[in-house]
Amino acid sequence: MSFDLNLGLGMSNLGGGEDNNYDVVIIGGGPAGTSAAIYTARADLRTLVIDKGLTAGALGITGKISNYPGVPGPVTGAELVEIMRQQAESFGAKFLTDKVVGVDIHGARKMVMAGTGAFYTKVIILATGSMGRTSAVKGEEEFLGRGVSYCATCDGAFFRDQTVAVIGNNDEALEEALFLTKFADKIHLIVPTPELKAREALAAEATDHPKIAVQLGTRLKEIVGNGQVAGVRVHPRGGGEQTLPVTGAFVYLQGGKPITDYLMEQLETQPNGCLVVDHEMQTTVPGVFAVGDLLCTHVKQAVIAAADGVIAAVAADKYIHGRKAVQTDWK
Amino acid sequence: MSLLQEADRNHLINEFQALTEPVKLVMFTQEMECQYCRETRMISEEVAELSDQISVEIYDFVRDQEIAEAYNIDKIPAIAIVRGGQKPKDYGIRFYGIPSGYEFSSLIENIMMVSRGESGLTAETKAWAASLQEPVHLQVFVTPTCPYCPQAVIMAHQLAMESDLITADMVEAIEFPQLSNKYHVHGVPRTVINETTHMEGAAPEPILLSKLQEAVA
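Residues numbered from 1 in each chain as written. Chains lettered and ligands numbered in written order. Predicted model: local features only at pLDDT ≥ 70, side-chain atom pairs only at ≥ 80, totals over all residues. Heavy atoms only, no water.

Asks: Would you explain the sheet that holds strand β7 (residues 190–193) of chain B in this entry?
Replies: Pairing between the strands of a sheet comes from backbone hydrogen bonds, and it takes one of two forms, parallel or antiparallel. Residues and elements named next belong to chain B. One open sheet accounts for eight strands, arranged β2-β1-β3-β4-β6-β5-β7-β8; its pairing is mixed. Because the sheet does not close on itself, it has two edges, and the strands there are β2 (54–60) and β8 (197–200). Recorded for the sheet is a direction-independent mean angle of 20 degrees between the axes of neighbouring strands. Across seven bridges, the pairing between strand β1 (residues 23–29) and β2 is parallel. Counted as the bridge partner of Phe28 is Tyr59 from β2. Where helix α6 (residues 149–162) meets the sheet, its contacts fall on β4 (89–96), β5 (136–142), β6 (166–172) and β7, and the angle it forms with β6 comes to roughly 155 degrees. (Pairing = 2+ DSSP bridges. Helix = DSSP H or I, 4+ residues; strand = E, 2+ residues; numbered from the N terminus. Axes fitted to C-alpha atoms, helices over the stretch in contact; angles between N-to-C directions. Contact = heavy atoms within 4.5 Å.)

Here's what the structure looks like:
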């Protein structure tokens, strides 16, 4: 069996080089994370924002915004985030499109592990929002590791010359579907909404790919099988239920729960999954802050998330420089 | 042609300054080198060149059968990472298949850990490992493109360091399809414990510990 063994050896995963060391690493590039980056970068803190993509978060997929102070609009969420990012970049913040898979939050030198490598930092600001899933689809847990997967790059090679389903409607789902075309014969892209909510170029690439069959407005009802995934039962809008025969089901659905899986239970959460922070947005671990929709204490609006980000950024600056009080930015 | 690039070599030379005790890479290949045997041997040799604290021994799986049996090696390519120097010790840390992609970082982390002589596990896990009466064998199936896998591999190897009764293998799933079939590996990381229990994903230490307790109960 041939397989790309990535003989680049993954050296970038080792981290530790000068380019991988930051003062602040922000996970999540929505309004909370990007506002934090504006302030930390402007405070001359070496800042990296790791984000899955412009349309990965709640604001990024919002259609029309006319109530963000200072931006009369209407603008799309993606446009608003892009304006914020440009502002952060103008102060020196770096943005990396990647997925964080783990963190080591303890100690003075913290580590953030992303797909492209490890990044070391004094402060971590968590801003991954609340689009995590609240419940699994029937059959999903039963067949986990037996055809159900959340990582096509990890598991795609097990599905060579087979038919699989990718379920989801975001950049990640489409990128993973396209990755699977290297191995699978056919990919059913099951999209719950009537239209794709991914980047235009990505959506076009997936739609035009001969191995990908896009099924819009189709809900996943159940993953079926007998010891191993054998099919997905789906319900197209306005049509009858049907079972598509597949051996793999790659699930990238979203919900309304705080996304904290990459933290591996290293931080205290409330029963509803929200992180616990103090008045400066610091979690129970010094140097680790959480902002935006990861918290349950506020109105879920972009401007509130942005304000959280600023509070955390100012506190991060104080933490790094060992100051007792916040330094004001106006005189 | 070397596999390690100049910048990577320099980075590793710097990282290996922290090595305090000698580490030995015991690598098994064969005359008619298997798929990725050559590359695995090259990785072992090139990494060993980067520090005086790292040595490498290359053995032929067929010709050096006694040594392979002494290390309990049953497939190739294989690397055992052992403590070298005056007090050599085989902790039961094994890599089966090429440690490339994300697993190269697992290899480096293991070298650092063996040299340090400290697993870094919690006191609770160490106490459980010390109390073991029966052997525990962990096989962590991986692919080189899996960013979640090194965490599972490193934790298994940390456990191996804590008890002579624990052995832990990284198994590159695509190179050993017969094992992948035997253990129903369709997603990685998948950790098989003592042939009977398995776990999907890279679990935090407390969850792995509870799975291990369940497996040996």
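Asks: Please clarify how the interface of chain B and chain A should be interpreted in this entry.
Replies: By a widely used convention, the size of an interface equals the accessible area lost when the partners come together. Facing 39 residues of chain B, the contacting portion of chain A comprises 31 residues. Of the roughly 3100 Å² buried where chain B meets chain A, counting both sides, 66% is carbon and sulfur surface. When the buried surface of chain B facing chain A is broken down by residue, B:Tyr148, B:Ile174 and B:His186 rank first, second and third, together holding 22% of it. Joining chain B to chain A, the criterion identifies zero salt bridges. Seen at the junction of chain B and chain A, the total is five residue pairs in polar contact (both at pLDDT 80 or more). Contributing elements (two or more residues each) for the side of chain B that touches chain A: α1 (6–15), α2 (37–48), α4 (102–116) and β8 of chain B. The class makeup of the residues in the side of chain B that touches chain A is 21 nonpolar, 12 polar and six charged. (Buried area = accessible area lost by both parts, 1.4 Å probe. Salt bridge = Lys/Arg side-chain N within 4 Å of Asp/Glu carboxyl O. Polar contact = N/O pair within 3.5 Å; in protein donor to acceptor, adjacent residues only side chain to side chain. Nonpolar A, V, L, I, M, F, W, Y, C, P; charged D, E, K, R; others polar.)

Asks: Please clarify how the environment of B:Thr196 should be interpreted in this entry.
Replies: Residue and element names in this part refer to chain B. Mapping Thr196 onto the fold places it in the loop between β7 and β8. On the basis of relative accessibility, which here comes to 62%, the residue Thr196 falls in the exposed class. C-alpha separation for the pair Thr196 and Ala215, spaced 19 residues apart in sequence, amounts to 7.4 Å. (Buried < 20%, exposed > 50% of the residue type's maximum accessible area, 1.4 Å probe, protein only.)

Asks: What should I look at first to understand the state of the cysteines in this one?
Replies: Joining two cysteines, a disulfide is a covalent bond between their sulfur atoms. Residue and element names in this part refer to chain A. Taken as a whole and judged by the stated rule, the model has three disulfides over all chains. Across the disulfide, Cys151 is cross-linked to Cys154 (sulfur-sulfur distance 2.2 Å). Disulfide Cys151-Cys154: the torsion about the S-S bond is 75 degrees, which places it as right-handed. Assigning the bonded cysteines of chain B consecutive numbers by sequence position, one obtains the connectivity 1-2, 3-4. (Disulfide = S-S within 2.5 Å.)

Asks: Explanation requested: the confidence of the model for chain B in the structure shown.
Replies: Detailed reading of the predicted coordinates is not advisable wherever pLDDT is low. For chain B, per-residue confidence averages 94 on the pLDDT scale, and 100% of positions sit at 70 or higher. The complex prediction reports pTM at 0.84, with the ipTM value standing at 0.87. (pLDDT = per-residue confidence, 0-100.)

Asks: How should the pattern of salt bridges be read in this particular structure?
Replies: Oppositely charged side chains may form a pair once their charged atoms are brought near each other. All names here are of chain A. Overall, the coordinates contain 21 salt bridges over all chains when judged by the stated rule. Across the pair Arg85 and Asp51 runs a salt bridge, and its minimum N-O distance is 2.8 Å. Here Arg85, found in helix α2 (residues 77–90), pairs with Asp51, found in strand β2 (residues 47–51); they are 34 residues apart in sequence, far enough to count as distant. Judged on exposure class, the residue Arg85 and its partner Asp51 are both buried.

Asks: Explain the sheet that holds strand β13 (residues 242–245) of chain A to me, please; I cannot follow it from the model alone.
Replies: All names here are of chain A. Here we have three strands laid out as an open sheet, ordered β11-β12-β13, and antiparallel in their pairing. Of all the strands in the sheet, just β11 (218–225) and β13 have a single pairing partner and so form its edges. The mean angle between the axes of side-by-side strands here comes to 30 degrees, regardless of whether they run parallel or antiparallel. When strand β12 (residues 229–236) meets β13, the two strands line up antiparallel, connected through four bridges. Residue Val232 lies in a different strand from β13, and its bridge partner there is Leu244.

Asks: So what exactly am I meant to see when it comes to the side chain of B:Glu175 here?
Replies: Residue and element names in this part refer to chain B. With respect to the secondary-structure elements, Glu175 resides in the loop between β6 and α7 (177–182). Lys75 is the oppositely charged side chain nearest to the buried, salt-bridge-free Glu175, at an N-O distance of 11 Å. A distance of 2.9 Å separates a polar side-chain atom of Glu175 from the backbone nitrogen of Ile98. Residues within four places of Glu175 in sequence aside, it is in contact with Gln35, Tyr36, Pro77, Gly97 and Ile98. (Lys, Arg positive; Asp, Glu negative; His and termini not counted.)

Asks: What exactly am I supposed to notice about the nonpolar core here?
Replies: Where a protein is soluble and globular, its nonpolar side chains tend to be buried together. Within the largest apolar cluster, 105 residues are counted, with the highest numbers of intra-cluster contacts made by B:Phe16, B:Val47, B:Ile81 and B:Ile111. The element contributing the most residues to this core is α6(B), with eight residues. Contacts of B:Ile81, omitting those with residues within four sequence positions, involve B:Val23, B:Lys24, B:Leu25, B:Ile93, B:Phe95, B:Leu107, B:Asn110, B:Ile111 and B:Val114. Listed in part, the 44 residues of the second largest apolar core include A:Phe119, A:Leu126, A:Phe289 and A:Leu295. (Core = buried A, V, L, I, M, F, W, Y, C linked by side-chain atoms within 4.5 Å.)

Asks: Sorry if this is basic, but what is going on with the packing of aromatic side chains here?
Replies: Where two aromatic rings form a pair, the distance of their centres and the angle of their planes describe that pair. Residues and elements named next belong to chain A. Using the criterion set out here, one finds six aromatic pairs over all chains in the structure. Look at Phe159 and Phe250: their rings are 5.3 Å apart centre to centre, the planes differ by 75 degrees, and that puts the pair in the edge-to-face class. Of the two residues, Phe159 sits in the loop between α3 (152–155) and β8 (163–168) while Phe250 sits in strand β14 (residues 248–252), which places them 91 residues apart along the sequence. Residue Phe159 is classed as buried on the basis of its relative accessible area, which comes to 1%. With relative accessibility at 0%, the residue Phe250 sits in the buried group. (Phe/Tyr/Trp six-rings, centres within 6.5 Å; stacked < 30°, edge-to-face > 60°.)

Asks: Looking at this structure, how should I read the side chain of A:Thr260?
Replies: Of note, A:Thr260 is situated in the loop between β14 and β15 (288–290). Not counting residues up to four positions away in its chain, the partners in contact with A:Thr260 are A:Gly273, A:Leu275 and A:Leu294.

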